[in-house]
Amino acid sequence: MPKIVLENVTKRWGKFYAVDNLSLTIEDNAFVTLLGPSGCGKTTTLRMIAGLDTPTSGKITIGGVTVFDSEMGINIPANKRHVGFLFQNYALWPNMTVYENICFGLKNIKEEMATVNYDVKNADKLIKILSKPKEVIQAINECKDKSGALDTNRALIKLIDLYELSSYTAKELLNYKLQEISNVEEKVKQICDKLRTDIESAIKKYKDSSCQLNENYEVVKIGKVVKTVRKMTKEEIDLAVRRVSRIVKIGMFMDRYPSELSGGQQQRVAIARTLAPEPSVLFMDEPLSNLDAKLRLEMRSELQRLHIDTGSTFVYVTHDQMEAMTLATKICLIENGVLNQYDKPLDVYNKPNNLFVADFVGNPVINFMEAKGVQFDDGSIALEILKDVKATFTPREKMDMGSWIKQQEKEEDNKLQSELAKQKDKKNVEKGNKDSHFRYHIAKVDDSEIVEEEKIISYLDFVIGVRPEFVKIGEHGSLTGEVYSAMPTGMETTVKIRIGNFLFTGVVFGGVLYEIGQTVKLDFDGKGIMLFSRKNGKLISQGSLDVE
């Protein structure tokens, strides 16, 4: 499977930048989700890789082949990129059966392919299958109804899936009617003798024309496989359709129309149609958004299995962070066309780059509170939180606040110089949808409370991020609050606790019940508490938070 590389890819319409200078590497056999809020540029990114949208500038390579390069003038069309695209609305033809929907694209493929002798290949396969005639008979007999009558369609699907045959070869095997013959061994011997004669005759014809068949039944001449520009044969198309129908388990629906299928079954058909041409990469644009919650959960599991079974590279667009977390090997989180973080799901959750990432990923959402403080010689930071509460943040790893601030100031200066250089470039188009600092939300009982904005925010102003699982409710907690709401689900209970005008969300595992208004004590437990800079929103450190 190919590696996909995006280098400084930009897509804009006028002054609106849908994707802004995106560089990204998607490894072989990865399952990457492009995650972000609506309008952030994730679908545009997907469409540019697939060839459905043309980037304004940059370079895209798939499997080492450059498919787009603005400087070189290269732009390979979508149908030449060997990629599959699964749309949000499935886009199935309502007047075609499931079989016709899946094979529709295969009929239009015309490219250089090897010459394969399927008569010899199928004859050889039938001989191997007939070496165990009792298994064939048992499989066929399992498809009889209570009265003993054979369900032919069911028997064909059984043979197709059991022996990985085309429908044509399966019909030939069924037509032998082995289940109706008393002397099966003699009948099988006659069939196999005829098949061997046909194989020998075909091989002799190739030898007479200085050709031969290799182990894949491809015609070889002078040591090279004979290739011609052609369309796929009916046998090849049927084998491809049956192969993907086995993967997504829809073999029994081949003769039905889309309107006769459930939403989940239609989704499977759309996936099968996309997989049939064996694309090097499979793109999916919010394919589960039309399904109900239970079916979405089931299809997530199916997609995960499908990724393993096919060994393909999957690129998946979603705004649902739960889908991204459960499916992806890596998450690409985008906001306003800019890449914010590209990491493994748990790394994105446990160590977000900034406030936006921390807020967007996680359910229930992270708790934020503002703080001020200074660092002591031992590395700990004395903080003031919740207006007048004293606390100490102890970094998990050694860090020097002064050095961190100098690094940020250097990066700010470099960014400023880069912006000035862009302004001098006559080809540069100023970004209309300018980037802005993420406005984090601090949960309060009364959101209408007027808070005076600080005129100057420095690097000594912080935002503390506490995931709900780190809010520990116990008898000896340092903070006192009351239960504002409690939502038990059986496995866990989500509790909102009021401390003054502030609300904290915690998750308590097990069947614990709380009464509204109940007084509780709480602490912030663990070493996964996050310390962000209020000035630029970046993660400074992780550690523990002790309240005095």
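Residues numbered from 1 in each chain as written. Predicted model: local features only at pLDDT ≥ 70, side-chain atom pairs only at ≥ 80, totals over all residues. Heavy atoms only, no water.

1. Quick word on the overall build of the protein chain
When helices and strands are counted, the protein chain shows 14 helices and 27 strands. Here the C-alpha atoms of the protein chain give a radius of gyration of 31 Å, more than 25% beyond the 24 Å that 2.2 N^0.38 yields for 548 residues. Considering only C-alpha atoms, the protein chain reaches an extent of 95 × 65 × 45 Å along its principal axes. When the 548 residues of the protein chain are sorted by exposure, 48% land in the buried category. In the protein chain, of all internal contacts separated by at least 6 residues, the share reaching a separation of at least 24 is 67%. (Helix = DSSP H or I, 4+ residues; strand = E, 2+ residues; numbered from the N terminus. Rg over C-alpha atoms; globule rule 2.2 N^0.38 Å. Buried < 20%, exposed > 50% of the residue type's maximum accessible area, 1.4 Å probe, protein only. Contact = heavy atoms within 4.5 Å.)

2. Side note on the sheet that holds strand 4 (residues 57-62)
The sheet built from five strands is open, its strands ordered 2-1-4-5-6 with antiparallel pairing. Looking at the sheet topology across the chains shown, the edges are occupied by strand 2 (16-26) and strand 6 (74-75). Docked against the sheet, helix 1 (residues 42-50) engages strand 1 (4-13), strand 2 and strand 4, running at close to 120° with respect to strand 1. (Pairing = 2+ DSSP bridges. Axes fitted to C-alpha atoms, helices over the stretch in contact; angles between N-to-C directions.)

3. A few points about the sheet that holds strand 22 (residues 479-488)
Across the sheet, which stays open at both edges, the five strands sit in the order 21-25-22-23-24 with antiparallel pairing between neighbours. Of all strands in the sheet, those bounded by a partner on one side alone are strand 21 (471-473) and strand 24 (502-509). Between one strand axis and the next, the sheet turns through 45° on average, direction left out of account. Here strand 21 runs beside strand 25 (residues 519-524); their pairing, made up of three bridges, is antiparallel. In the strand pairing of strand 25, valine 471 is matched with phenylalanine 524.

4. Quick look at the environment of valine 507
Positionally, valine 507 belongs in strand 24. With relative accessibility at 10%, the residue valine 507 sits in the buried group. Here valine 507 is in contact with Pro364, Pro468, Glu492, Thr493 and Thr494, once residues within four sequence places are set aside.

5. Quick notes on the UniProt feature "domain: ABC transporter" (unreviewed entry) in the protein chain
Look at the UniProt record and you will see "domain: ABC transporter" (unreviewed entry) annotated at residues 4-361. The straight-line gap between the two end C-alpha atoms of residues 4-361 is 25 Å; of that span, 42% is helix and 23% is strand. (UniProt positions renumbered as here; feature names shortened; annotations may be inferred.)

6. A word on the pattern of salt bridges
In a structure, side chains of opposite charge can pair up when their charged atoms sit close to one another. All told, the structure shown has 22 salt bridges when counted by the stated rule. Across the salt bridge formed by arginine 230 and glutamate 236, the nearest N and O atoms sit 2.9 Å from each other. Here arginine 230 matches glutamate 236 in class, with each residue buried. Here glutamate 370 makes a salt bridge to arginine 534, at a shortest N to O gap of 3.6 Å. Taken together, the positions of glutamate 370 in strand 17 (residues 367-375) and arginine 534 in the loop between strand 26 (529-533) and strand 27 (539-547) put the pair 164 residues apart, joining distant regions of the chain. Note on glutamate 370: relative accessible area 30%, which makes it partly exposed. (Salt bridge = Lys/Arg side-chain N within 4 Å of Asp/Glu carboxyl O.)

7. Looking at the environment of valine 5
Note that valine 5 resides in strand 1. Note on valine 5: relative accessible area 17%, which makes it buried. C-alpha of valine 5 to C-alpha of phenylalanine 314: the two residues are 309 residues apart in sequence and 14 Å apart in space. Excluding residues within four positions of it along the chain, valine 5 makes contact with Leu24, Thr25, Lys59, Ile60 and Thr61.

8. A word on a nonpolar patch on the surface
Where nonpolar side chains cluster on the molecular surface, the patch consists of Val374, Phe376 and Leu460 and spans about 260 Å² of accessible area. Mapping phenylalanine 376 onto the fold places it in the loop between strand 17 and strand 18 (381-385). When its relative accessible area of 45% is taken as the criterion, phenylalanine 376 is described as partly exposed. (Patch = residues over 30% accessible without salt bridge, like charges linked within 9 Å, V, L, I, M, F, W, Y side chains within 5 Å. Areas by Shrake-Rupley, 256 points an atom, 1.4 Å probe, with all protein chains shown as cover.)

9. A short note on the packing of aromatic side chains
Enumeration according to the criterion identifies ten aromatic pairs in this entry. Between phenylalanine 85 and phenylalanine 283 the ring centres are 6.2 Å apart and the planes differ by 40°, which places this aromatic pair in the tilted class. With phenylalanine 85 in strand 7 (residues 83-86) and phenylalanine 283 in strand 13 (residues 281-285), this residue pair connects regions lying 198 residues apart in the sequence. Take phenylalanine 85 and phenylalanine 283: they sit in the same class, and that class is buried. Here phenylalanine 368 and tyrosine 440 contribute two aromatic rings whose centre-to-centre distance is 6.1 Å and whose plane-to-plane angle is 70°, an arrangement assigned as edge-to-face. With a gap of 72 residues between them, phenylalanine 368 in strand 17 and tyrosine 440 in the loop between helix 14 (401-424) and strand 20 (461-466) connect regions that are remote in the sequence. By relative accessible area, phenylalanine 368 is classed as buried at 4%. Accessibility expressed as a relative area gives 18% for tyrosine 440, which makes it buried. (Phe/Tyr/Trp six-rings, centres within 6.5 Å; stacked < 30°, edge-to-face > 60°.)

10. Re the packing of helix 6 (residues 167-175) against helix 8 (residues 234-248)
Between helix 6 and helix 8, whose axes approach to 8 Å, the crossing angle comes to 90°. Judged by the inter-axis angle, helix 6 sits roughly perpendicular to helix 8. Contacts between helix 6 and helix 8 pair Ser167, Tyr168 and Thr169 from the former with Lys234, Glu235, Asp238 and Arg242 from the latter. Here the contact of helix 6 with helix 8 is built from residues that sort into one nonpolar, two polar and four charged. (Parallel < 35°, antiparallel > 145°, perpendicular 65-115°, else oblique. Nonpolar A, V, L, I, M, F, W, Y, C, P; charged D, E, K, R; others polar.)

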